[in-house]
Amino acid sequence: MLTVVILQLVPFTVGLLVRHYAAATALAWQPVAARTSNITFLIVLAGMLAGNWRDVVALIGSRSLLAGFVFSGLALLLGTALATGPPVRRTTMGMVAAVRNVGPALAAVGLAFGNAPAVLGALAAVLLSGLAAAIPAAAVLSRRRASLHEEP
């Protein structure tokens, strides 16, 4: 649990505090933070796949990948429904809910399963199926938003 607190809750809390007390600083750092978050997510996913690719391949054709895909779709809908603010923020939060919160899952694998390669591989496979659900949804939303902003 300490890992989750250090890697997720502390930065989240700091971000909220900076956004609340120093909004200009938060806005200035937002592009760097977003880029860093995207890059580190890809590094973690690539590392999980590189280290556990056999376990990921073994799951092809199983219900695990389908379950990950369905779960991600439901997380997208639920995240969008529960978020507040304008539609762009709500759908973005829905996308984040589906695939970006891998930290607690990795901590759970480490604690409960001793970093078992098969479990890490399954987690990587489920993340990939989540991306497979989120990417087409993001493309549809992007096209819809672009068409709303086109001049008649």
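As shown above, the structure is provided for reference.
Since we're looking at a predicted model, the values are computed, not measured.

**Q** Honestly, helix 3 (residues 63-82) in this entry has me stumped. Any pointers?
**A** What sets the pattern is the α-helix's 3.6 residues per turn: residues three or four places apart point alike. Relative to the 28 Å expected for 20 residues at 1.5 Å per residue, helix 3 spans 28 Å between its end C-alpha atoms, a close match to the ideal helical length. All of the buried residues along helix 3 are G68, S72, A75, L76, G79 and T80. Summarising the axial view, the buried residues of helix 3 lie within an arc of 120°, below the 170-degree limit, and thus occupy one face. Opposite the buried face of helix 3, at more than 90 degrees from it, the exposed residues are R63, L66, F71, L74, L77, L78 and L82.

**Q** Explain the nonpolar core to me, please; I cannot follow it from the model alone.
**A** Grouped burial of nonpolar side chains is what soluble globular proteins tend to show. One finds F41, L45, M48, V56, L59, V109, L120, L123, A124, A125, L127 and L131 forming the largest nonpolar core, which totals 12 residues. At the level of elements, helix 2 (23-58) and helix 6 (117-148) are the ones that each hand at least two residues to this core. It is helix 6 that contributes the most residues to this core, 6 residues altogether. Beyond its immediate chain neighbours, meaning those up to four positions away, L59 contacts S64, L65, G121, A122 and A125. Counting residues in hydrophobic clusters, the runner-up holds 5 residues, among them L76, M95, A137 and L141.

Rules and cut-offs
Residues numbered from 1 in each chain as written. Predicted model: local features only at pLDDT ≥ 70, side-chain atom pairs only at ≥ 80, totals over all residues. Heavy atoms only, no water. Helix = DSSP H or I, 4+ residues; strand = E, 2+ residues; numbered from the N terminus. Expected span 1.5 Å × (residues − 1). Buried < 20%, exposed > 50% of the residue type's maximum accessible area, 1.4 Å probe, protein only. Arc of directions from axis to C-beta. Core = buried A, V, L, I, M, F, W, Y, C linked by side-chain atoms within 4.5 Å. Contact = heavy atoms within 4.5 Å.

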